[in-house]
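# Breakdown of the fold
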Amino acid sequence: MMSTPQHNQQVATIFRSIAERLAAQRANPYRVRAYRKAADAIEALEEDIADVASRQALVDIDGIGRDLSDKIEEFLRTGTIQAYE
């Protein structure tokens, strides 16, 4: 079985942490689910998310909308996600 590319694992881990934090704050369950679903989709990718981003194809990933694609691009640019820090 192929291992998940490193960027994908890092982004998925951050999204899961954000989901946990939102859940702990009793945030909108829809948002919590959106982050978890995005993390699952990113982990399932066989190609590096950086390559997907370079094709402007992040929103083609199931569960990734404009908001989450912006966060992924921010991570790829800066190595972090402000909302997570």
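Residues numbered from 1 in each chain as written. Predicted model: local features only at pLDDT ≥ 70, side-chain atom pairs only at ≥ 80, totals over all residues. Heavy atoms only, no water.

This paragraph deals with the pattern of salt bridges. Applying the stated criterion to the full structure yields seven salt bridges. A salt bridge links Arg16 to Asp40; the shortest N-O distance between them is 3.0 Å. Here the residue Arg16 occupies a position in helix α1 (residues 6-24), and Asp40 occupies one in helix α2 (residues 29-44), the gap between them amounting to 24 residues. You can call Asp40 partly exposed: its relative accessible area is 43%. Linked through salt bridges whose partners overlap, the residues forming this network are Arg16, Asp40 and Glu43. (Salt bridge = Lys/Arg side-chain N within 4 Å of Asp/Glu carboxyl O. Helix = DSSP H or I, 4+ residues; strand = E, 2+ residues; numbered from the N terminus. Buried < 20%, exposed > 50% of the residue type's maximum accessible area, 1.4 Å probe, protein only.)

Turning to the packing of α2 against helix α4 (residues 66-78), a few remarks are in order. Following both chains from N to C, one finds α2 and α4 inclined at 55 degrees, their axes separated by 11 Å at the closest point. Comparing their axes, α4 and α2 come out oblique. Of the two elements, α2 crosses α4, and the hand of that crossing is right-handed. Here Ala34, Tyr35, Ala38 and Ile42 of α2 lie close against α4, whose contacting residues are Asp67, Leu68, Lys71 and Ile72. In terms of residue class, the contact of α2 with α4 is built from six nonpolar, no polar and two charged. (Axes fitted to C-alpha atoms, helices over the stretch in contact; angles between N-to-C directions. Parallel < 35°, antiparallel > 145°, perpendicular 65-115°, else oblique. Left-handed = near helix turned anticlockwise from the far one by under 90°. Contact = heavy atoms within 4.5 Å. Nonpolar A, V, L, I, M, F, W, Y, C, P; charged D, E, K, R; others polar.)

These figures come from the coordinates and say nothing about function on their own.
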